[in-house]
Every structure is written in C-alpha cells, then in structure tokens.
Amino acid sequence: MKISLASCCANCEHFLNGQLCGVQEVVVSENQVCEAYEFKAVLHREDDCLKCSKFQTNNCAHPQKASEGIMCTVWYPRAAS
Ligand code: SF4
Ligand code: SF4
C-alpha cells in the first residue's frame, strides 16, 4: 500500500504563521484543507530537485516549481553512477 502525504493546510502555500489561512482569513489547523489548497515548496539544502530522479521527467509532481534548493514529498534519489 502506497503512503503519501495529505494535501492539507500544513503544507499549503496559504498557511500563515502556523495558524492563519491567507485565503479564508480565518484560523485553521494543520489537518484541515479547502478547495484553494496550493502545494508549498520547501527549501532544502541537501537533497533537492536536481538530485531527484523525477526532475524534468513526466513523473515530476510539480514541473512548474521543480528547481535547485527545493524538494517535494515524492522526491526520489537519482541512481548513483
Ligand atoms: S484553508 Fe485552504 S487555502 Fe487556507 S491554508 Fe488551508 S488548504 Fe490552504
Ligand atoms: S522533488 Fe518533487 S518537484 Fe522536485 S523534481 Fe522530484 S518530483 Fe519533481
């Protein structure tokens, strides 16, 4: 069974200061979600999209955002050569 991260306020672009929704303008909790959910890319110095086997392939989950210094929850390392 495949395990994946939920799409929820906790990893939404509009979740502010760990408690406020910038779209709904109300207090929300990490485990809520709404139709305006938008994936939030996270800065990551060690493993990033450039080291992901899905980078610039049809398997990339976020081709518009994939770049150096960030990664998403389905990051998968490139095979060592
Ligand atoms: S309520 Fe919707 S838009 Fe606001 S933080 Fe949660 S998922 Fe994002
Ligand atoms: S980490 Fe995510 S966004 Fe980045 S290249 Fe891999 S699949 Fe695409």
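Since this is a predicted model, take the numbers as computed values, not measurements. (Residues numbered from 1 in each chain as written. Chains lettered and ligands numbered in written order. Predicted model: local features only at pLDDT ≥ 70, side-chain atom pairs only at ≥ 80, totals over all residues.)

A. Representation of the overall build of the protein. Helices and strands together make up the secondary structure of the protein, namely zero helices and four strands. Listing the helices and strands of the protein from first to last along the sequence gives β-β-β-β. Along the longest, intermediate and shortest principal axes, the C-alpha atoms of the protein span 50 × 30 × 20 Å. The burial tally for the protein puts 11% of its 81 residues in the buried class. Summarising the internal contacts of the protein: among those between residues at least 6 apart in sequence, 45% fall at separations of at least 24. (Helix = DSSP H or I, 4+ residues; strand = E, 2+ residues; numbered from the N terminus. Buried ≥ 20, exposed ≤ 12 C-beta atoms within 10 Å, placed from the backbone. Contact = placed C-beta atoms within 7 Å.)

B. Expanded view of the site of ligand 1. What surrounds ligand 1 is a group of 13 residues, the closest being Cys9, Cys12, Cys21, Cys34 and Tyr37. Tallied by class, the residues present in the shell around ligand 1 amount to 10 nonpolar, three polar and no charged. (Near = placed C-beta within 6 Å. Nonpolar A, V, L, I, M, F, W, Y, C, P; charged D, E, K, R; others polar.)

C. Just the nonpolar core, in detail. Counting residues in each nonpolar core, the largest one holds five residues, listed as Cys49, Cys52, Ala66, Met71 and Cys72. Cysteine 52 has contacts with Met71, Trp75, Tyr76 and Arg78, leaving out every residue within four places of it along the chain. (Core = buried A, V, L, I, M, F, W, Y, C linked by C-beta atoms within 7 Å.)

D. Up close: the site of ligand 2. By nearness alone, every residue bordering ligand 2 is listed as Cys49, Cys52, Lys54, Phe55, Cys60, Ala61, His62, Ala66, Met71, Cys72, Val74 and Trp75. When the residues that make up the shell around ligand 2 are grouped by side-chain class, the tally is 10 nonpolar, one polar and one charged.

E. Structural view of unusual backbone geometry. Residue asparagine 17 is not a glycine yet carries a positive backbone phi of 55°. Accessibility expressed as a C-beta count within 10 Å gives 7 for asparagine 17, which makes it exposed. A positive phi angle is found at glutamate 25, which is not glycine, with a value near 60°. Looking at the secondary structure, you find glutamate 25 in the loop between β2 (20-21) and β3 (42-43).

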